[in-house]
Amino acid sequence: MIFFVNSILLLVQRILLRNIDFLTMLEMVLLSMPQFLIYTFPFATLSGSAMVLGDLSSNNELLALKSSGVKEKKVFLPLIIWSLVFSLLTFFVSDFLLPWSNTVYRERLTLLMRDMPTFEIEPNATNTIGNIVIANRNVEDRDIYDIVMTNTDRSDFNQSVVSEKGTVEMVDPSLFVYRLDLSEPEILLTDSSDISSNLIANAEKATFYLDFSDQVPNLTSTNPVNLSSSVLRENIAMRDQRQEEERNRFHNSREESKLLISSILKSRMSGNNVDNQAADEANASLLRQSNPPLDFYAQYYKAELAKKYSLSLACFFLTLISLPLGTFKLRYGKLTGFALSLIIAVAYWYMMFFSQLEIFSIHSDPYFLIFLPDFTVAGLAFIFMKMRRRMDR
């Protein structure tokens, strides 16, 4: 929880500022927890096993157990079993709990924003909602006071509206569209090319429609990270089919370009007149077609599917790499174990981040890249165990 406590506190602060009751706030925080748990479980198992083994080693308890005839396997076996349990728990959270909590969170947020339409509007601040910028003072339930609105989607003229009070009502709960009714607004139209050219108009009331969809937190979106493995597989199959069709067209186009270049070369060798422009176009087309097309979303879905399994297995592999700690005499065992777990966790996370960035640089499935941190940790754990056995001999 240390890694993500800041994000949780920001979420709590964001809800508390809206004067939401405690039970609703607690429900929203709990529904947001799965997105953090899939990352905290692997590193929690790592730090837990590292601190336990570091403490046993610093107090010579492992040495005492070995002297009493207790094999190390009996000490390490509970850690390995619990790491497998947490691997299954991480996969359950990632594949079942996270998609469910995402759906429920969105439903609760829709009801919350319907009951309190100003939920996303900060008091005494400037808020951007779609293509409209709103500067306002106090916000009370459905009412907004001292409003200055600017429309940013027009390039030919600037439109500004000033009003002492506005009332917000929900129009479409599914799309998060709201209606803002202004009392006695003043409208200012200014020509973008000539600031001195402007028009001022007054009215008894004015109505604007606000699109709050961009304000909805990313947690409630249908990003691949919030989808189950079965849904991801369906999307991958659909995207793979499209990608295969595009690659077939790509290869056919390359073959046509090669045949055209071949026929042009034969004509030149025969002394016939050749259309140089057609030859240049064929060459340029062949150069442009150096790599087969890559479906962005196919790679994205495959990476997220692999990450579900990779983060789950990380509980087991990260525990394995902590086992050799028990063979060293460590001072301040718990503290040293925790420090080493932080270093390993940061290295693992860096490798995972690097792998995710590189998935669009390759023209093959990204599964190996996503599992690369696990393979690296498993390889290091195997090497350390081998070194430990040699030291024992």
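Remember, it's a predicted structure, so these values are computed and weren't measured experimentally. Per chain, residue numbering runs from 1 following the sequence as it is written. Residue-level local features of this predicted model are given only where pLDDT is at least 70; pairs of side-chain atoms are given and counted only at 80 or more, and the full residue set underlies all totals for whole chains, interfaces and linings. Side-chain numbers here rest on the full set of heavy atoms in the structure, without hydrogens or water.

Asks: Help me get a handle on the pattern of salt bridges, residues and values and all.
Replies: Basic side-chain nitrogens of Lys or Arg form a salt bridge, by our definition, when they fall within 4 Å of a carboxyl oxygen of Asp or Glu. All chains considered together, the criterion is met by seven salt bridges. Its salt-bridge partner being D365, residue K302 comes within 2.6 Å of it at the nearest N-O pair. Of this pair, K302 sits in helix α8 (residues 296-322) while D365 sits in the loop between α9 (333-358) and α10 (367-392), and the two are 63 residues apart along the sequence. With a relative accessible area of 40%, D365 lands in the partly exposed category. Working definition: helices are DSSP H or I runs of at least four residues, strands are E runs of at least two. Numbering for both runs from the N terminus. Burial here depends on accessible area, computed with a 1.4 Å probe over protein chains only, as a share of the maximum for the residue type. Under 20% is buried, over 50% is exposed, and the range in between is partly exposed.

Asks: Tell me about the layout of surface pockets, residues and numbers included.
Replies: The computed volume of the largest pocket comes to approximately 320 Å³. Lining the largest pocket we find K66, V70, K71, E72, K73, F76, L77, I80, L323, M385, R388 and R389. Among the elements of the structure, α5 (72-115) and α10 are those that each provide at least two residues to the lining of the largest pocket. Top element by residues in the lining of the largest pocket is α5. It accounts for five residues. Three classes are used, and their members are as follows: Ala, Val, Leu, Ile, Met, Phe, Trp, Tyr, Cys and Pro are nonpolar, Asp, Glu, Lys and Arg are charged, and the others, Gly among them, are polar. Class assignment of the residues belonging to the lining of the largest pocket gives a composition of six nonpolar, no polar and six charged. For cavity detection a 1 Å grid was placed over the protein atoms alone, and a set of points counts as a cavity when a 1.4 Å probe fits there but cannot get out; an open set counts as a pocket when protein lies on both sides within 12 Å along at least five of seven lines, with lining residues being those that have an atom within 4 Å of a point. Grid points are joined across faces, edges and corners, and a volume is the space filled by probe spheres set on the points.

Asks: I'd like a description of a negative patch on the surface, backed by residues and values.
Replies: Patch definition: residues above 30% relative accessible area lacking any salt bridge, with like charges linked at up to 9 Å and the nonpolar side chains Val, Leu, Ile, Met, Phe, Trp and Tyr linked at up to 5 Å. Here the Shrake-Rupley method, with its probe set to 1.4 Å, supplies the accessible areas, and only the displayed protein chains count as covering residues. Positive charges are assigned to Lys and Arg, negative charges to Asp and Glu, while His and the chain termini are left out of the count. For charged residues, the charge sits on one atom: NZ in Lys, CZ in Arg, CG in Asp, CD in Glu. A cluster of acidic side chains, namely E164, E184, E186 and E204, defines a negative patch on the protein surface. A relative accessible area of 63% means that E184 is categorised as exposed.

Asks: Kindly report on empty space enclosed by the protein, identifying the contributing residues and their values.
Replies: In the structure shown here, the tally under the stated rule is one cavity of 30 Å³ or more. Volume-wise, the largest cavity comes out at about 50 Å³. With four residues, the top contributor of residues to the lining of the largest cavity is α8. A breakdown of the residues in the lining of the largest cavity according to their chemical character gives four nonpolar, one polar and three charged.

Asks: Before we move on, can you summarise the packing of helix α3 (residues 34-58) against α9 with the specific residues and values?
Replies: In the contact formed by α3 and α9, the axes pass within 7 Å of each other and the chain directions differ by 150°. Here α9 runs roughly antiparallel to α3, going by the angle between their axes. In the packing of α3 onto α9, the handedness of the crossing is right-handed. Taken together, the residues of α9 that come into contact with α3 (itself represented by Y39, F43, L46, S47, A50, M51, G54, D55 and S58) are G333, K334, G337, F338, S341, I344, A345, Y348 and W349. Residue classes in the contact of α3 with α9 are distributed as 10 nonpolar, six polar and two charged. Lines fitted to C-alpha atoms define the axes, with helix axes restricted to the stretch in contact, and inter-axis angles between N-to-C directions lie between 0 and 180 degrees. Convention used here: angles under 35 degrees read as roughly parallel, angles over 145 as roughly antiparallel, angles from 65 to 115 as roughly perpendicular, and any remaining angle as oblique. Here is the rule for handedness: rotate from the far helix to the near one, and if that takes an anticlockwise turn smaller than a right angle the crossing is left-handed, while a clockwise turn gives right-handed. Two residues qualify as a contact provided that any one of their heavy atoms is within 4.5 Å of a heavy atom in the partner residue.

Asks: Please set out the confidence of the model for the protein residue by residue, giving values where relevant.
Replies: Parts of the model with low pLDDT should not have their predicted coordinates read in detail. Predictor confidence is given residue by residue as pLDDT, running from a minimum of 0 to a maximum of 100. Residues of the protein with pLDDT of at least 70 account for 76%, and the chain-wide mean is 79. Mean pLDDT across the elements of the protein ranges from a minimum in helix α7 (residues 276-288), with 57, to a maximum in α8, with 90.

Asks: I'd love a proper account of the pairing of strand β4 (residues 143-151), names of residues and values included.
Replies: A pair of strands is treated as paired once DSSP finds two or more bridges between them. The pairing of strand β2 (residues 132-136) with β4 spans four bridges and is antiparallel. Paired with I132 across the bridge in β4 is N151. In this structure, strand β3 (residues 139-140) lies alongside β4, joined through two bridges in antiparallel fashion. By the bridge assignment for β4, E140 is matched with D143. Counting the residues between successive antiparallel strands, the hairpin from β3 to β4 contains two residues, one of them, D141, with a positive phi of roughly 55°.

Asks: How would you summarise α8 if you had to cite specific residues and measurements?
Replies: Multiply 1.5 Å by the residue count of a helix minus one, and that product is the helix's expected span. Taking 1.5 Å of rise per residue, 27 residues should cover 39 Å, and α8 covers 37 Å from first to last C-alpha, within 8% of that figure. Given a residue, its bend is the angle between the two axes fitted to the seven residues that end at it and to the seven that start from it. Of all the bends found along α8, the most pronounced is centred on A314 and spans about 35°. Extensive coverage of α8 is indicated by the burial of 21 of its 27 residues.

Asks: Break down the pairing of strand β9 (residues 205-211) for me, with residues and values.
Replies: Each regular strand shows side chains that alternate between the opposite faces of the sheet. Burial along β9 is one-sided: the face carrying A206, F208 and L210 is buried and the face carrying K205, T207, Y209 and D211 is not. Of the pairings in the sheet, the one linking strand β6 (residues 177-183) to β9 comprises seven bridges and is antiparallel in character. Opposite R179, over in β9, you have Y209 as the bridge partner.

Asks: Tell me about a positive patch on the surface, and name the residues and values.
Replies: Where like charges cluster on the molecular surface, the positive patch consists of K71, K73, K74, K386, R389 and R390. Residue assignment for the positive patch shows that the elements contributing at least two residues are α5 and α10. For the positive patch, the element with the highest residue contribution is α10, accounting for three residues.

Asks: So what's going on with the nonpolar core? Which residues, and what values?
Replies: With 38 residues, the main nonpolar core has L53, L318, L323, Y348, I370 and V377 as its most contacted residues. At the level of secondary structure, the elements contributing two or more residues to this core comprise α3, α5, α8, α9 and α10. Ignoring anything within four residues of it in the chain, the contact list for L318 reads P42, F43, L46, I344, Y348 and V377. Nonpolar core, defined: a set of buried Ala, Val, Leu, Ile, Met, Phe, Trp, Tyr and Cys residues in which side-chain atoms within 4.5 Å join the residues together.

Asks: Could you give an account of the packing of aromatic side chains, with specific residues and numbers?
Replies: Within 6.5 Å between ring centres, the rings of Phe, Tyr and Trp (the latter by its six-membered ring) count as paired, and their orientation is classed by plane angle as stacked under 30 degrees, edge-to-face over 60, tilted in between. Counted under the stated rule, the structure contains 13 aromatic pairs. Between Y297 and Y301 the ring centres are 6.1 Å apart and the planes differ by 35°, which places this aromatic pair in the tilted class. Within this pair, Y297 and its partner Y301 are both found in helix α8, separated by four residues, close to a single helical turn. Residue class for Y297 comes out partly exposed when judged on its relative accessible area of 40%. Each residue in the set F296, Y297, Y300, Y301 and F360 is aromatic and connected to the rest through ring pairs, giving one cluster.

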